[in-house]
Amino acid sequence: MLHFVDPVQDLGAALLTVEKPNRYVGGEYGRLARRDAMLQTLIAFPDLYEIGMSNQALKILYNQLNAIDGVSCDRAFAPAPDFERLLRERRLPLYGLDTGISLHDLDLLFFTFGYELGITNVLAMLDLAAIPLHISERGDGDPIVLMGGPCVSNPLPYQDFVDAFWIGEAEAGFFEMVVALVAMKTKGASHDELLAYIISHPSVWTRGKVRACRAIDPMFTERVNDAAVFPIPNMRVIQHHGAVEIMRGCPNGCRFCHAGYWYRPMRQKSVDAIEREVAAFVRRGGYREICLSSLSSGDYRGIEALVERLNSEYGQEHVSFQLPSLRVSTFSLPLLAKLAKVRKSGLTFAVETPVDAWQLAINKQVSLDNVTAILKEARKQGWRGAKFYFMVGLPLPNIDHITEEAAIVGFILELAKRTGMHFSVNAGTFIPKPHTPYQWAEQIDEATARIKLEYIRYELKSRGHKVGIQDPFISTLEGIISRGDERAGALIEAAYRKGCRLDAWNEYIQKDVWRHIFAEHEVLTRDFLSERPSGVPSLPWDVIDSGILPDFMQEERNKSLVQESTSPCMERCTHFCGICANDTQTVENIVQNDTPVDALPSITPDPPSSPVTYRLLFTFTKTSSAIFQPHLALIELFSMAMTRAAIPILYTQGFNPLPKLEIAAPLSIGVSASAEIAAIETVGFYDAIHFLEEMNHALPAGIRIVEAINVSIPFGVKKHSLSSLLWGFAYTNGAETDYVPAANDKQYRVARIDAAGSTSVYGLHRLAVLAKGAVAATPESYFTVYRALYPCAYTPV
């Protein structure tokens with residue numbers, strides 16, 4: 001029998017005792033999981049909601065799994081400590097946000113694992129669901145626990161906690177495997193039979209298995225992930241934009257970059273597939289910011305024409321595009337100008353190390369002269385600064401009288417002198433990751449890293465630059481976990497047992513606990529961070545075949561020592577790494593339309609201002625999970641819903657255009673409502689009946705448009721804001737209705753809380769928001785007041 005949790009019913013007012021309760025109540029637009037599927041699965045992201053809901057891999061898995069007949073795939077995220085305590089106090093299990101299913105009652109529990117410091121969160125999520133931490137203690141009544149993502153390129157530290165690891169890209173066989181599992185369960189297959197089938201897959205590794213091969217999607221270039229939009233977050237998340245992956249893999253071969261090697265070969269998605277995915281994020285998702293993501297977006301063939309084409313299609317709708325990663329050699333100010341047509345973005349340069357010889361060693365060239373030329377031109381076009389990223393601790397050849405920290409400082413000071421700009425500088429410690437040419441290298445110790453980073457901060461900050469440094473202890477912890485073997489699991493479990501959670505967050509990490517564990521296992525942790533001789537029989541992570549030849553890795557390491565570069569991977573590259581074989585190969589985009597960029601249509605200008613202001617006034621409910629949405633989140637929810645519903649809303653002018661939307665009065669978290677009042681301005685007349693119908697198809701749970709009227713305000717007539725007309729509110733109080741002026745609202749709510757012997761506003765219900773009437777400022781319906789002010793108002797619907 002399956003067990004379900006309804007957080008609103010089961011926790012109620014207690015949710016107001018935790019930070020950001022909307023993390024835990026679900027109700028998002030676009031939920032897909034269902035309770036009646038044959039195979040119950042869940043994607044677990046081992047970090048907070050606002051991190052996990054920014055993750056595109058999670059959305060791809062969620063949408064693809066829910067598209068399989070007989071499969072339900074829910075979602076869960078790591079709870080913050082306050083919510084973990086609440087669940088334990090109430091003896092409630094961790095649950096899926098869509099259906100409320102207990103994680104313990106699943107058939108399959110998938111962790112998507114993108115950052116090593118999330119591993120204590122994995123243990124916390126298992127423990128909160130009463131799933132035994134050790135695979136040796138699990139049985140038929142427990143779910144099969146799987147893990148995938150870039151961090152399982154070395155799965156040994158996690159092998160005691162995870163039943164099986166999917167190695168590589170899910171599109172290359174994972175979903176077909178799940179289809180087979182549905183058929184097996186339909187025929188009555190047991191837990192052990194399902195697990196045995198999973199382990200038999202060549203891209204699955206488990207403790208004791210000799211080798212697993214990374215799965216590589218050969219169809220990426222034409223694959224359209226237009227379903228990977230849902231669900232839409234109910235709060236503003238860390239990366240609150242639609243993410244369209246335009247290229248997987250990277251051609252550049254930077255020797256320090258784990259992702260660059262792990263996601264080989266470079267495959268560029270077709271323009272047609274990209275345009276379809278962008279359309280899905282805008283039309284179905286409601287996003288107005290789209291990230292054209294990849295490891296090096298400037299290397300996408302025809303990138304300027306693509307951006308211009310997308311601007312022409314969506315610029316009038318105030319949709320902007322951004323490229324997260326541009327190499328200096330592919331950096332062009334015309335491209336940047338195209339990206340800034342709707343919203344102006346910043347300039348970012350990942351230099352890593354500033355000396356030419358060192359750049360040859362790491363196979364990444366970013367010359368001072370090139371950066372200077374770009375910044376001088378950028379300054380002419382209005383940019384006033386830029387952001388730079390550097391690393392210390394790279395395995396670089398020695399140069400007399402130069403330290404890497406002094407070279408970084410000298411690079412920035414010289415650049416500032418040449419350009420007259422001030423910069424933001426971020427510096428961190430290099431971690432030699434598995435499956436890269438530097439996998440044998442030593443990671444510098446915390447004390448050495450701290451001295452280097454503090455030098456950079458002191459020398460640059462005192463000269464007017466902003467400097468941020470990554471805590472070198474965090475880098476040490478990441479290095480120990482990512483470079484460890486099966487013995488690292490005991491350290492991880494010990495830290496979890498002593499209360500470690502959310503180690504990637506400064507406000508949550510317990511450094512003293514980790515330091516004590518490291519001190520108890522000093523020899524082991526030093527071994528994990530030390531140099532690995534290249535002649536040893538194997539490295540711990542050699543059980544995973546990335547597809548790259550070991551000899552190629554060794555050759556790249558040797559070339560680094562003599563500062564010799566390797567040319568980028570292209571369709572006819574001159575070096576063989578082992579990836580390109582059979583149906584797996586480097587693929588560049590085929591430019592199908594050779595129309596010059598300058599000949600493409602430009603963005604249609606905004607329509608001329610109308611002498612009439614078209615306002616649409618509406619009331620809406622706020623119930624169930626929506627009562628935990630704060631005011632700013634509510635504005636964002638409406639804004640995205642209006643984009644999905646294709647409402648022709650007007651936008652403000654300036655650097656960051658915003659929709660002209662006003663909500664009369666904020667509503668406290670925990671208070672439900674029947675008729676909150678809001679208004680928008682539209683481009684021309686837009687029928688209120690159509691607005692109500694379209695919006696109610698586009699809003700998340702608990703929010704519904706109840707009534708709406710059109711209001712036309714002639715030129716020269718005063719436009720009254722909702723807040724300027726506010727009188728107060730009507731609340732239910734048993735069988736009575738209390739009318740409360742806005743000035744007395746806080747005092748009224750406190751009195752109601754005291755009378756109920758409560759500690760929160762949970763349970764209060766606001767019936768209406770009322771406007772000042774024409775006579776003696778008596779309370780009236782906003783619709784009544786607006787019809788009196790503007791006789792052109794239409795009948796409410």
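The structure we're discussing is the one just above.
Small disclaimer: the values here were computed from a predicted structure and weren't measured.

A. Layout of the nonpolar core. Grouped together as the largest cluster of nonpolar side chains are 111 residues, with contacts concentrated most on Leu65, Leu109, Met147 and Phe174. Here this core takes 7 residues from helix α5 (residues 119-128), the largest share from any one element. Ignoring sequence-local partners within four residues, the contact set of Leu109 consists of Leu42, Ala44, Leu103, Leu126, Ile131, Pro143, Ile144, Val145 and Leu146. Membership of the second largest hydrophobic core comes to 62 residues, among which are Leu347, Ala386, Phe388 and Phe390.

B. Up close: the environment of Ile709. Among the structural elements, Ile709 can be located in strand β21 (residues 705-713). With 20 residues separating them along the chain, Ile709 and Ile689 place their C-alpha atoms 8.2 Å apart.

C. Structural context of the pattern of salt bridges. This structure, assessed with the given rule, holds 44 salt bridges. Residue Asp127 pairs with Arg88 through a salt bridge whose shortest N-O separation is 3.5 Å. Here Asp127, found in helix α5, pairs with Arg88, found in helix α4 (residues 81-90); they are 39 residues apart in sequence, far enough to count as distant. Note on Arg88: relative accessible area 37%, which makes it partly exposed. Here Asp217 and Arg223 are joined by a salt bridge, their closest N and O atoms 2.8 Å apart. Note on Asp217: relative accessible area 0%, which makes it buried. A single salt-bridge network, built from bridges that share partners, covers Glu169, Glu171, Arg214, Glu245, Arg248 and Arg267.

D. Quick look at the packing of aromatic side chains. In total, this model carries 27 aromatic pairs according to the counting rule given. Both rings, one in Phe113 and one in Tyr158, keep their centres 5.1 Å apart while their planes meet at 85°; by these two values the pair is edge-to-face. Placement of Phe113 in the loop between β3 (108-112) and α5 and of Tyr158 in the loop between β4 (144-148) and β5 (164-166) is noted, with a sequence separation of 45 residues between them. You'll find Phe113 and Tyr158 in the same group, each marked buried. Residues Tyr786 and Tyr790 carry aromatic rings whose centres are separated by 5.5 Å and whose planes lie at 50° to one another, so their mutual orientation is tilted. With a relative accessible area of 0%, Tyr786 lands in the buried category.

The rules behind these values
Residues numbered from 1 in each chain as written. Predicted model: local features only at pLDDT ≥ 70, side-chain atom pairs only at ≥ 80, totals over all residues. Heavy atoms only, no water. Core = buried A, V, L, I, M, F, W, Y, C linked by side-chain atoms within 4.5 Å. Buried < 20%, exposed > 50% of the residue type's maximum accessible area, 1.4 Å probe, protein only. Helix = DSSP H or I, 4+ residues; strand = E, 2+ residues; numbered from the N terminus. Contact = heavy atoms within 4.5 Å. Salt bridge = Lys/Arg side-chain N within 4 Å of Asp/Glu carboxyl O. Phe/Tyr/Trp six-rings, centres within 6.5 Å; stacked < 30°, edge-to-face > 60°.

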